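# Structural characterization, general
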Amino acid sequence: MTDSDVIALAERVRDGELRRYELEDHADPDTAAAARRHLLAEETGADLSAVGDYTFDAADAESNIENMVGAAQVPMGVVGPLPVDGGAASGDHHLPLATSEGALLASVNRGVSTIRNAGGATARVLKSGMTRAPVFRVEDVAEAGEVSAWVREHVDTLAEAAEETTSHGELQDVTPYVVGDSVFLRFSYDTKDAMGMNMATIATEAACDVVESETPADLVALSGNLCSDKKPAAINAVEGRGRTVAADVLIPHEQVEDRLDTTSDAIVEANTRKNLVGSAKAGALGFNAHAANVVAAAFLALGQDIAQVVEGSNAITTVDAREDGLYASVTIASLEVGTVGGGTGLPTQSEALDVLGYSGGGDPAGSNADALAEVIAAGALAGELSLLAALSSRHLSSAHADLGR
Ligand SMILES: CC(C)(COP(=O)([O-])OP(=O)([O-])OC[C@H]1O[C@@H](n2cnc3c(N)ncnc32)[C@H](O)[C@@H]1OP(=O)([O-])[O-])[C@@H](O)C(=O)NCCC(=O)NCCSC(=O)C[C@@](C)(O)CC(=O)[O-]
Ligand SMILES: NC(=O)C1=CN([C@@H]2O[C@H](COP(=O)(O)OP(=O)(O)OC[C@H]3O[C@@H](n4cnc5c(N)ncnc54)[C@H](OP(=O)(O)O)[C@@H]3O)[C@@H](O)[C@H]2O)C=CC1
């Protein structure tokens, strides 16, 4: 790419000969991005030298972005080692986290070191299924009943059609929901190591063709919001979406005092009054302190779909002062993660997955994404412990004054 290539391409846009999003058809992706940057800088007066100073080939991001102008670079750090005894994850983990919030990694790292001293966290994926719920129009509730009955009796037929579109995905179930003359079919898939939203959407479209040809239902929208993707929704809290995953730890009381500068009783009280009572009074879906902090930072670092932090924030933290120590758990109802597809192949994200040890397809398929979910849940547990401790010991504002500004 030379400056004159970039200027010539930008000139063709200015002359109305090319649209901005068509530039990759006329130049390599890095030159196309540079030409857009050139035009944008000219039009807005912004200096885009940092945006343009990225290290990967724009070609590697072609399936991830349109109208590319550069990269948003977020600082990445690491916490660990975090020992996790999971159904899929095993041993020590270094968890990369990307954020702009000072004090966050220090806090999570403190929780991690507390968990490590206590012998590590246990974690399990309890349920797994990516959902897509199209909405159909029917004549009336009688017809809605007929369509629902047909679907319940023909899940195998729908699975056959859906699974023709994917070699990895498996249809697990289809649950009909009726509202007047609307029928919603919530399809749930085992998507193995993929987060699975594209896979489930493509497979569901094939199944919808069968529903339309065999019943009077007419498809209105392939996503009818009962899925429910990227919106806070009680259905995900109850039924789960992606991975439902939990992590817990038992910390001897003296270690709580040594490592977290507070007592087990103080953490229990903070959890009850803040995470349980406060969240209930607020009408929250998530009963936790900041699970979204770890989920978002891990999603950014590890190539996950950031908008799905909405679902990942839906977690319940429990804490209990037992005779032999402080028991703490985090259960995330809907953690939508993958180790293949989406943003996982981008260069920095794939390096970060390598650090964790779970990039690409697992053996058996699905085990890498399960392990990723278990480590993120254990990281969220570390974050919960450290923040509850900071609140109990009144260190929250001083920590952020020292580290975060
Ligand atoms: C800041 C600390 C950790 C200090 O806490 P401390 O106990 O003074 O730290 P320490 O110097 O004694 O070190 C303890 C451990 O912390 C880690 N650690 C310590 N410093 C670092 C560092 N610089 N970089 C990396 N790791 C660090 C490290 O693991 C270390 O152990 P070691 O390895 O030495 O054996 C503590 O005060 C803290 O955790 N504060 C809470 C901050 C927090 O949780 N912020 C989260 C974001 S808050 C938010 O966004 C959501 C909110 C609050 O609005 C939600 C709500 O409504 O609740
Ligand atoms: N379409 C939509 O409505 C939405 C899309 N998205 C986007 O969807 C993307 C994620 O979709 P997703 O389907 O996960 O990813 P991709 O569309 O990138 O597809 C991943 C593909 O990888 C293949 N694959 C290879 N090895 C494995 C393995 N071990 N386990 C599972 N699959 C494997 C599968 O192919 P095969 O199927 O042939 O077996 C799978 O379909 C993200 O970019 C996200 O932002 C997000 C929300 C909504």
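Preceding this section is the structure that the text describes.
Presented here is an overview of the structure given in this document. All values derive from a computational prediction rather than experimental measurement.

The environment of ligand 2 is formed by 21 residues, the closest being Arg-132, Thr-166, His-168, Gly-196 and Asp-305. Note that an oxygen atom of ligand 2 is positioned 3.4 Å from one of the side-chain N or O atoms of Thr-201. In the model, an oxygen atom of ligand 2 is placed 3.1 Å from a nitrogen or oxygen of the Gly-342 main chain. When ligand 2 is considered free in solution it has 930 Å² of accessible area, and contact with the protein chains removes 70% of it. Element by element, the count of residues in the shell around ligand 2 is highest for helix 6 (residues 197-214), at four residues. Each residue belonging to the shell around ligand 2 can be placed in one class, and the counts come to five nonpolar, 10 polar and six charged. Two domains each put at least three residues into the shell around ligand 2: domain 2 (76-127 + 243-403) and domain 3 (134-221).

The next point concerns the pattern of salt bridges. The full count for this structure, using the stated rule, is 17 salt bridges. Lys-192 is the partner of Asp-190 in a salt bridge, and the nearest nitrogen-oxygen pair spans 3.1 Å. Classification of Lys-192 by relative accessible area gives buried; the value is 15%. Here the salt bridges share partners, and the residues they tie into one network are Asp-229, Arg-241, Glu-311 and Glu-336.

Lining the immediate surroundings of ligand 1 are 18 residues, of which Ser-107, Arg-259, Lys-274, Ser-386 and His-400 lie closest. In the model, an oxygen atom of ligand 1 is placed 3.0 Å from a nitrogen or oxygen of the Glu-101 side chain. Contact between ligand 1 and Lys-274: an oxygen atom at 2.2 Å from a side-chain N or O atom of the residue. Broken down by secondary-structure element, the contributors of at least two residues to the shell around ligand 1 are helix 3 (104-117), helix 13 (367-392) and helix 14 (396-403). The element contributing the most residues to the shell around ligand 1 is helix 3, with five residues. Grouping the constituent residues of the shell around ligand 1 by class yields six nonpolar, seven polar and five charged.

Definitions and cut-offs
Residues numbered from 1 in each chain as written. Chains lettered and ligands numbered in written order. Predicted model: local features only at pLDDT ≥ 70, side-chain atom pairs only at ≥ 80, totals over all residues. Heavy atoms only, no water. Near = heavy atom within 4 Å. Polar contact = N/O pair within 3.5 Å; in protein donor to acceptor, adjacent residues only side chain to side chain. Areas by Shrake-Rupley, 256 points an atom, 1.4 Å probe, with all protein chains shown as cover. Helix = DSSP H or I, 4+ residues; strand = E, 2+ residues; numbered from the N terminus. Nonpolar A, V, L, I, M, F, W, Y, C, P; charged D, E, K, R; others polar. Domains from an automatic or database assignment. Salt bridge = Lys/Arg side-chain N within 4 Å of Asp/Glu carboxyl O. Buried < 20%, exposed > 50% of the residue type's maximum accessible area, 1.4 Å probe, protein only.

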